[in-house]
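A structural walkthrough
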Amino acid sequence: SLLKHCVGACQWRRAIALLDEMEGRDDVTVDGRDWNLALFAAERLAVDASKRRGRLRRADAEGPDRVMAAMLAKGQEPTPKGLAAAVNANRYAGRPDLALANLARLQAAVKKKGRNEPWEPDYAREGVVAVLDSLKRAAKMEEGDAARDRFAKIAVALATQAADDAADGDDEREAHFERCAVTAAGACARSMRPNAARQVLEVAKKRAAREAGAWPKTVLYNAVLDAFEAAGRSTDALQLLDEYDRNGVPYDAVTYNIVLRLCARAGAYQRAAELLDEMAADPSPKVRPDVFSFTTAIKACCVEPKRRRRDDPAARA
């Protein structure tokens, strides 16, 4: 009960102290499940900090590794469930370096354990998605080109590995690859590396070409389109839109909203109005304009008058 209280209070240090005390008693047996609770406390601390949009202190971000070091000192091996919690904590802390190291430990532990119980998730697959999301979160906070290049390179590598792992083509593997590819493309977009996002799309297309999986869906195309728009590469974004049409990939509201952002950037208010009409006329509920659609179109209307005032001395006066 005290250990569960530590989880609720995000007190992983107190959990370690309590477990140390329990280990020293002859009338109490401690196993990996008890130590998992300390890892869950560290995970919850990272998740709560992320929800508050705060940043963990370095010591707290390294909490899962400190818990596992204490476990090993007591002769306890982290379980796959505990290691998955550690990777997830690294994810919300925006620490891909720690997440990658713990993912390797997790994959080794899963391989050693063998098959999961029917009620257990695939911890190794969930860990890969968590690492990709940690890259996405870290890229948002990182401004250095070298770090962003590294994040994008790792994202492409993990997506490629997921494509190879999903070659058997069952539904679960297919869904896992799609999550990995979309998250990897998102990490590349946050890193301002649209060419790397495009590489992820090419991995998915080559996988489909050899009949190892389905053709990339709208959600992945949207992630790559968003990467080009965020980097200000409008020409490449429009070329990708042509590819939607050639390959029969349907637009959704997200697609239209990204194109509306391109219109807002260029001050193409007439085209923005036409896009809103297209969205409203489409019978699919997935394409209906939302608040973001209208506000972005309004931004497109505001850019052109500003330019006219800047270019016309009389208007500025």
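Residues numbered from 1 in each chain as written. Predicted model: local features only at pLDDT ≥ 70, side-chain atom pairs only at ≥ 80, totals over all residues. Heavy atoms only, no water.

1. Considerations on the overall build of the protein chain
For the protein chain, the count of helices and strands is 17 helices and zero strands. Dimensions along the principal axes, computed over C-alpha positions, put the protein chain at roughly 85 × 55 × 40 Å. Here the protein chain holds 317 residues, and 47% of them are scored as buried. Counting contacts in the protein chain only where the partners sit at least 6 residues apart, residues at least 24 apart contribute 66% of the total. Accessible surface, the protein chain as shown: approximately 16,800 Å² in total, 50% of it carbon and sulfur. Distance from the positive charge centre (53 side chains) to the negative charge centre (48 side chains) of the protein chain: 4 Å. (Helix = DSSP H or I, 4+ residues; strand = E, 2+ residues; numbered from the N terminus. Buried < 20%, exposed > 50% of the residue type's maximum accessible area, 1.4 Å probe, protein only. Contact = heavy atoms within 4.5 Å. Areas by Shrake-Rupley, 256 points an atom, 1.4 Å probe, with all protein chains shown as cover. Lys, Arg positive; Asp, Glu negative; His and termini not counted. Charge placed at Lys NZ, Arg CZ, Asp CG, Glu CD.)

2. Some thoughts on the packing of helix α3 (residues 32–51) against helix α6 (residues 80–93)
Look at α3 against α6: their axes get within 8 Å of each other, and the N-to-C directions meet at 20°. By the criterion of interaxial angle, the relationship of α3 to α6 is roughly parallel. α6 is crossed by α3, and the crossing has left-handed handedness. Where α3 abuts α6, its residues Asn36, Leu39, Phe40, Ala42, Glu43, Ala46, Val47 and Ser50 lie against Lys81, Gly82, Ala85, Ala86, Asn88, Ala89, Tyr92 and Ala93. Here the contact of α3 with α6 is composed, by residue class, of ten nonpolar, four polar and two charged. (Axes fitted to C-alpha atoms, helices over the stretch in contact; angles between N-to-C directions. Parallel < 35°, antiparallel > 145°, perpendicular 65-115°, else oblique. Left-handed = near helix turned anticlockwise from the far one by under 90°. Nonpolar A, V, L, I, M, F, W, Y, C, P; charged D, E, K, R; others polar.)

3. Focus on the packing of aromatic side chains
Counted by the stated rule, this structure contains three aromatic pairs. Ring geometry for Tyr251 and Tyr256: centres 5.4 Å apart, planes at 80°, overall edge-to-face. Tyr251 sits in the partly exposed class, given a relative accessible area of 26%. Ring pairs connect the aromatic residues Tyr221, Tyr244, Tyr251 and Tyr256, which therefore count as one cluster. (Phe/Tyr/Trp six-rings, centres within 6.5 Å; stacked < 30°, edge-to-face > 60°.)

4. Section: the pattern of salt bridges
Counted according to the given criterion, the structure contains 31 salt bridges. Residue Asp27 pairs with Arg25 through a salt bridge whose shortest N-O separation is 3.0 Å. Arg25 gets classed as partly exposed once you look at its relative accessible area, which sits at 40%. Across the pair Asp145 and Arg193 runs a salt bridge, and its minimum N-O distance is 3.4 Å. Of this pair, Asp145 sits in helix α9 (residues 145–165) while Arg193 is found in the loop between α10 (171–190) and α11 (194–209), placing the two residues 48 residues apart along the sequence. (Salt bridge = Lys/Arg side-chain N within 4 Å of Asp/Glu carboxyl O.)

5. Description of the environment of Arg150
Within the secondary structure, Arg150 sits in helix α9. In this structure the C-alpha to C-alpha distance between Arg150 and Glu23, which are 127 residues apart in sequence, comes to 42 Å.

6. Points about α9
The terminal C-alpha atoms of α9, which comprises 21 residues, lie 30 Å apart, in line with the 30 Å expected from a rise of 1.5 Å per residue. If you check which residues of α9 are buried, you get Ala147, Arg148, Phe151, Ala152, Ile154, Ala155, Val156, Leu158, Ala159, Ala162 and Ala163. Looking at the buried residues of α9, the elements they touch are α7 (96–113), α8 (123–141), α10 and α11. (Expected span 1.5 Å × (residues − 1).)

7. A short note on unusual backbone geometry
The backbone of Cys10 shows a phi angle near 60°, a positive value even though the residue is not glycine. A positive phi angle, close to 60°, is found at Glu211, a residue other than glycine. Mapped onto the fold, Glu211 is located in the loop between α11 and α12 (218–230).

8. Describing the packing of helix α14 (residues 253–266) against helix α15 (residues 269–281)
One can describe the packing of α14 onto α15 by two numbers: an axis separation of 9 Å at closest approach and a directional angle of 170°. By the angle class used here, α14 and α15 are roughly antiparallel. The segment α14 lies against α15, with Ala253, Tyr256, Asn257, Val259, Leu260 and Cys263 engaging Arg271, Ala272, Leu275, Leu276, Glu278 and Met279. Each residue belonging to the contact of α14 with α15 can be placed in one class, and the counts come to nine nonpolar, one polar and two charged.

9. Overview of the side chain of Glu243
Positionally, Glu243 belongs in helix α13 (residues 234–246). Here the side chain of Glu243 touches Tyr221 through a polar contact of 3.1 Å, side chain to side chain. Not counting residues within four places of it along the chain, the set of residues in contact with Glu243 comprises Arg198, Leu201, Lys205 and Tyr221. (Polar contact = N/O pair within 3.5 Å; in protein donor to acceptor, adjacent residues only side chain to side chain.)

10. Some remarks on the side chain of Asp60
Topologically, Asp60 is positioned in helix α4 (residues 58–61). Only 2.9 Å separates the side chain of Asp60 from the side chain of Arg13, close enough to count as a polar contact. Excluding residues that lie within four positions of it along the chain, Asp60 makes contacts with Trp12, Arg13 and Leu45.

11. Some details on the confidence of the model for the protein chain
For the protein chain, per-residue confidence averages 88 on the pLDDT scale, and residues scoring 70 or more make up 94% of the total. The secondary-structure element of the protein chain with the lowest mean pLDDT is helix α17 (residues 313–316), recorded at 41, while α12 shows the highest, at 96. Long-range and interchain partners of residues 308–317, a stretch whose pLDDT sits below 50, account for five contacts in this model, where long-range means more than four residues apart. (pLDDT = per-residue confidence, 0-100.)

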